[in-house]
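Observations on the model geometry
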Protein chains: 4
Amino acid sequence: MNELGTLVALLHGPDQPGLVARVAGWIFARGGNILHADQHRDREAGIFFQRVEWVPALAKTGKRPAALKRAMKEFSAFAASLGMRAAIAHSARRPRVAVFVSKADHCFHDLALRWQAGEFPAELVAVVSNHPDLAEVAKSYGLPFQHIPVSAAAKTSAEKRQLALLRKRRIELVVLARYMQVLSPDFLTGFGRPVINIHHSFLPAFAGGRPYHQAHARGVKLIGATAHYATADLDEGPIIHQDVTRVTHRHDVDDLVRMGRDLEKRVLAQAVRWHLEHRVLAYGNKTVVFD
Amino acid sequence: MNELGTLVALLHGPDQPGLVARVAGWIFARGGNILHADQHRDREAGIFFQRVEWVPALAKTGKRPAALKRAMKEFSAFAASLGMRAAIAHSARRPRVAVFVSKADHCFHDLALRWQAGEFPAELVAVVSNHPDLAEVAKSYGLPFQHIPVSAAAKTSAEKRQLALLRKRRIELVVLARYMQVLSPDFLTGFGRPVINIHHSFLPAFAGGRPYHQAHARGVKLIGATAHYATADLDEGPIIHQDVTRVTHRHDVDDLVRMGRDLEKRVLAQAVRWHLEHRVLAYGNKTVVFD
Amino acid sequence: MNELGTLVALLHGPDQPGLVARVAGWIFARGGNILHADQHRDREAGIFFQRVEWVPALAKTGKRPAALKRAMKEFSAFAASLGMRAAIAHSARRPRVAVFVSKADHCFHDLALRWQAGEFPAELVAVVSNHPDLAEVAKSYGLPFQHIPVSAAAKTSAEKRQLALLRKRRIELVVLARYMQVLSPDFLTGFGRPVINIHHSFLPAFAGGRPYHQAHARGVKLIGATAHYATADLDEGPIIHQDVTRVTHRHDVDDLVRMGRDLEKRVLAQAVRWHLEHRVLAYGNKTVVFD
Amino acid sequence: MNELGTLVALLHGPDQPGLVARVAGWIFARGGNILHADQHRDREAGIFFQRVEWVPALAKTGKRPAALKRAMKEFSAFAASLGMRAAIAHSARRPRVAVFVSKADHCFHDLALRWQAGEFPAELVAVVSNHPDLAEVAKSYGLPFQHIPVSAAAKTSAEKRQLALLRKRRIELVVLARYMQVLSPDFLTGFGRPVINIHHSFLPAFAGGRPYHQAHARGVKLIGATAHYATADLDEGPIIHQDVTRVTHRHDVDDLVRMGRDLEKRVLAQAVRWHLEHRVLAYGNKTVVFD
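Because the structure is a prediction, the values reported are computed rather than measured.

Another aspect to go through is the confidence of the model for chain A. The predicted model of chain A has a mean per-residue pLDDT of 92, with 96% of residues at 70 or higher. Taken over the whole predicted complex, pTM reads 0.94, whereas the ipTM for its chain interfaces reads 0.91.

Okay, here's the thing in structure tokens:
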């Protein structure tokens, strides 16, 4: 887009007249050129949301990083003066991502291949697993693999090791790629950054284990997958993306599982891409996705 | 297909070797010509399912109806001798259908127009409602409309009136086209024939009223509809068809309701068509749809 | 949204820095409150597109219509000063729509029922047909029906009668609901306002007549429909909306035709709604749809 | 299913009464148990199609391979006696597959990973490319890679080398995974076995190069992919599977290309699976897919 990159801000706060004009005016007055600006209003909640992306005016040479940092800080202060919270990012900076896996490898391969193909503006820098199974696979992609066993008895200490690793590797996003452990509220709070999870979804929904068996027993005609931000309530965080695929009585449980894998890959990858492009704004228990 | 029409049998029973050959052989030995024959096995349950459609050999002139009746009776006896239950229908006979409505008219218009366009091999012969609102609309399609108010206090007597009407009009299928009353187990048993219902479906599911408001509040990215046979447990009967449509934060509750209407029309019409073409075989709490 | 309604502008012109800020600033300076503002840039063509919707500041009483008219005129002049063309509409004003039909009634029923259900912010005020078949149907919706026969020999004079009718009834949009005549360039120029058409689409495409027969002969697995603005090149105008549905070898030509009808209804209705909500901006041979 | 595996026959020939009964009877009389039997009639062409899968009665010990071979031969002779051509396969035998690639790796990774995951009942035994780029990738999956450069001048000799390789490695299916060369009629005849290709599809279709650029310029709202058997007329062989994905003006050409990759992977993998499960029967320029 621009060799200097762009700034992307995700804003939200109480709705009030003139917000669009003020934000655009502020950027324009400082020589910035807005490339994209999407707004949304949740009228029931009275909240204003905006994603705005612009090319900042910066000295062509010299202290660019410092100038960028200052521009971002100033914009945040300006947003605060309007009563809004702003997350602001520089498009040229690639966030550092960790992928958590267990034994299933389909989502992991999919993410790693897309990362290699340049589909994600991010750096995949760590693979964490409660099982050793995917160590070789991670290595084949040149990714450091960390085996941190998680037992019911020692879950707290395992999560402490995970948190230490995330901090040490300066991780900014965790993607749960069929990681089969529930993350504790303490872990989520301790990490303090987004965690994206993928899980199957059915119409109607099924509680308990072996969901594809249950779906098959119930004779559902659609199976689905949902990508969402992890919250203390595991499968109930803000939804980022969902999709379904059609099944018939001709599909047995193995088919459902296989088709579910394809869905999970696709839905998770799309959610991760949108997140990394700063298109997802979570609030309360829902999201605005500026696609 | 054939001026004499075809016979369609839906069979199911304990699986055993040779069922396909025996059924085909029986028909062939009596001069019938099989047009379609679809099988399915539920291996876990050990059940064999078949839809077989054939042109029976009948005298070109004379007592066709009697001969047809006899052929159907003989086939049923044959199926029973294999340990299978058979539902057998003559394609040229158009079942008599009643539509139950309340105030919403979208599914009713859709069914009536498709019926007029010849999409359903059936006769729409009665419209029953707990509200008088759609009387004029029914009339515009030339359909008899019966207003049977349903109050909490007098639900039993209302259902008796409904049953009497269904019997008098020799109804063979009831379609609930956004009929906003739960049918009692007594009604369903008393009618003793299939009832198809349509309801919205969400990922995740929502209990309680105003589901589109709940879905909007939850920020779902898909809304769905499910057509199913009504059972004592209202929204939980065997699923015939399901579909979804994509929604975003840009859609407000009114949009969801409007998009839900379109889904409901489409899913209900497809389920009704499949049922009328003798393609749906319900067993336990699920269906086999021979599409 | 607002008892006074909103103003919606569709703008486009050569891209230049500051457009978002200038438009928002202009509205804000006059006391307007922006509800929605979507932008798009076609980088290859260097064109900027915007849909902006706002509540204008108007005197609470008195000469509102005049004030609205003046606001719209001033905004257009302002857009012109930025080198942009603006189409600006008042949301409370319902455009007058004519539907052209031939013999097929499915799209017409669908449009009329949606209009009755309040799904379109417009007035359906005329039905024009080259055949008398749908006269009764139009009447059942309370719509004036005009039969204007079109013969190869007298096409020019027929189109003159059509144009005269459109002018007399002050029509602002023509929807071709399976109208089986090609409109001449002279007609399109003479009308000078948008015409939306629906046609089937296939992968691969088929030239010539009986397209569903060709699609069946070719064994396609998807059939589609495309809604577009009519231009001199009939099926090649700017595309507004497209959708497909899956077919198999089990579907015969009649099934394809029936499924095609459903697609056509759905795709045309969506395109018409987007147009009437001022969400579609056509340029060159393509569209930007601000959904 | 069965440790002995099943036999799967794909039959087609002139329609005549009694085919279903005769085929089922033949199998039953020899102690076989039919697991699946799907039929289809192309009424216009008067052709009968069947896929029938059964467990043959074989001696529990001893000369199974010979007995199987004999059973297959006898069935083929029986089918011929009914005027039908039969392709018959033993489910336990895994066909040998070669993948042809050029530089793009997305379809190749997808096929290789699915093969590793056990999704294909086949052996991937050769990777052939006109470029050396994917040699390392093939190696990482443990697959032999053969670089056979193809120049316009020496295309004939290159195809001879390819054919020699296919023969030597006893290849039974070639999958063109974004192989960017047209195969000559001589090659296709020389190989004499199925070749599956994947290509993008658009509504409307575009001729010439850079199709995603053309699709973007035309403002299409859907992009598609089609998997088909390769014939002398490259993109026009019998269609096995098709799918589309929705695009908007917000997607640039790079997005279309990326989304096209996902489509291509998915559609090709499904077509290959169906083929390997003996579900696809090609005739004339179309297919019957017994899914």
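Accessible area lost on assembly of the parts is the figure often given for the size of an interface. At the interface, 34 residues of chain B touch 34 residues of chain A. Both sides of the chain B and chain A interface together cover about 3000 Å² of buried area, and 49% of this is carbon and sulfur. Considering only the side of chain B, the residues that lose the most area to chain A are Leu203(B), Arg218(B) and His249(B), jointly responsible for 23% of the buried surface there. At the boundary of chain B and chain A, one finds four salt bridges. For Arg250(B), the salt bridge is made with Asp291(A), and the minimal N-O distance between the two is 3.4 Å. Linking chain B with chain A are 22 residue pairs in polar contact (both at pLDDT 80 or more), by the criterion used here. If you list the elements that add at least two residues to the side of chain B that touches chain A, you get β9 (195-202), α7 (211-218), β11 (239-246) and β13 (286-289) of chain B. By residue number, the principal contributor to the side of chain B that touches chain A is β11(B), which donates seven residues. Of the residues assigned to the side of chain B that touches chain A, the class counts are 14 nonpolar, ten polar and ten charged.

Before going further, it helps to spend a moment on the packing of aromatic side chains. All names here are of chain C. Under the defined criterion, the tally for this structure stands at 40 aromatic pairs over all chains. Both rings, one in Phe49 and one in Tyr283, keep their centres 4.3 Å apart while their planes meet at 50°; by these two values the pair is tilted. With Phe49 in strand β3 (residues 47-55) and Tyr283 in strand β12 (residues 280-283), the pair connects residues that are 234 residues apart, well separated along the chain. Relative accessible area serves as the criterion here: at 11%, Tyr283 is assigned to the buried category.

Superposition record for chain C on chain D: RMSD 0.0 Å, screw rotation 180°, translation along axis 0.0 Å. Overall, the copies show the geometry of a two-fold rotation axis. Interface overlap between copies: 100% of the residues of chain C at the interface are likewise at the interface in chain D, consistent with a symmetric, same-surface contact.

In this section: the environment of Arg218(D). Mapping Arg218(D) onto the fold places it in helix α7 (residues 211-218). Judged by its relative accessible area of 9%, Arg218(D) is buried. A distance of 3.1 Å separates a polar atom in the side chain of Arg218(D) from the backbone oxygen of Asn285(C).

Residue and element names in this part refer to chain D. Pairing is mixed in the open sheet, where seven strands are placed in the order β7-β6-β5-β8-β9-β10-β11. In the strand order of this sheet, the two ends are held by β7 (145-147) and β11 (239-246), each with one partner. Sheet twist, expressed as the average angle between the axes of neighbouring strands with direction ignored, equals 20°. When strand β8 (residues 173-176) meets strand β9 (residues 195-202), the two strands line up parallel, connected through three bridges. Bridge assignment links Val174 to a residue of β9, and that residue is Val195. Together, β5 (96-101), β8, β9, β10 (222-229) and β11 form the strand contacts of helix α8 (residues 253-276), whose direction differs from that of β11 by roughly 150°.

All names here are of chain A. The domain boundaries assigned to chain A delineate domain 1 (7-90) and domain 2 (96-289). Here domain 1 and domain 2 have C-alpha centroids that lie 31 Å from each other. Between domain 1 and domain 2, the residue contacts involve eleven residues of the former and eight residues of the latter. Taking both partners together, domain 1 and domain 2 bury about 810 Å²; carbon and sulfur atoms supply 67% of that area. Here Asp42 and Lys286 are joined by a salt bridge, their closest N and O atoms 3.9 Å apart. At the junction of domain 1 and domain 2, the tally comes to three residue pairs in polar contact (both at pLDDT 80 or more). When residues of the side of domain 1 that touches domain 2 are traced back to their parent elements, those giving at least two are β1 (7-14), β2 (33-42) and β3 (47-55). Among the residues forming the side of domain 1 that touches domain 2, the class breakdown is six nonpolar, three polar and two charged.

Right, let's get into the pairing of β10(D). All names here are of chain D. By the criterion of burial, β10 is predominantly enclosed, with eight of the eight residues buried. Both faces of β10 are covered, namely the face carrying Leu222, Gly224, Thr226 and His228 and the face carrying Ile223, Ala225, Ala227 and Tyr229. By the bridge criterion, seven bridges tie β9 to β10 in an arrangement that is antiparallel. Note that in β10 the partner of Ile198 across the bridge is Ala227. Sheet topology note: the β10/β11 ladder contains seven bridges and is antiparallel. In the sheet register, Ala225 faces β11, and the bridge partner there is Asp243.

Cut-offs applied
Residues numbered from 1 in each chain as written. Chains lettered and ligands numbered in written order. Predicted model: local features only at pLDDT ≥ 70, side-chain atom pairs only at ≥ 80, totals over all residues. Heavy atoms only, no water. pLDDT = per-residue confidence, 0-100. Contact = heavy atoms within 4.5 Å. Buried area = accessible area lost by both parts, 1.4 Å probe. Salt bridge = Lys/Arg side-chain N within 4 Å of Asp/Glu carboxyl O. Polar contact = N/O pair within 3.5 Å; in protein donor to acceptor, adjacent residues only side chain to side chain. Helix = DSSP H or I, 4+ residues; strand = E, 2+ residues; numbered from the N terminus. Nonpolar A, V, L, I, M, F, W, Y, C, P; charged D, E, K, R; others polar. Phe/Tyr/Trp six-rings, centres within 6.5 Å; stacked < 30°, edge-to-face > 60°. Buried < 20%, exposed > 50% of the residue type's maximum accessible area, 1.4 Å probe, protein only. Least-squares fit on C-alpha atoms with pLDDT ≥ 70 in both. Pairing = 2+ DSSP bridges. Axes fitted to C-alpha atoms, helices over the stretch in contact; angles between N-to-C directions. Domains from an automatic or database assignment.

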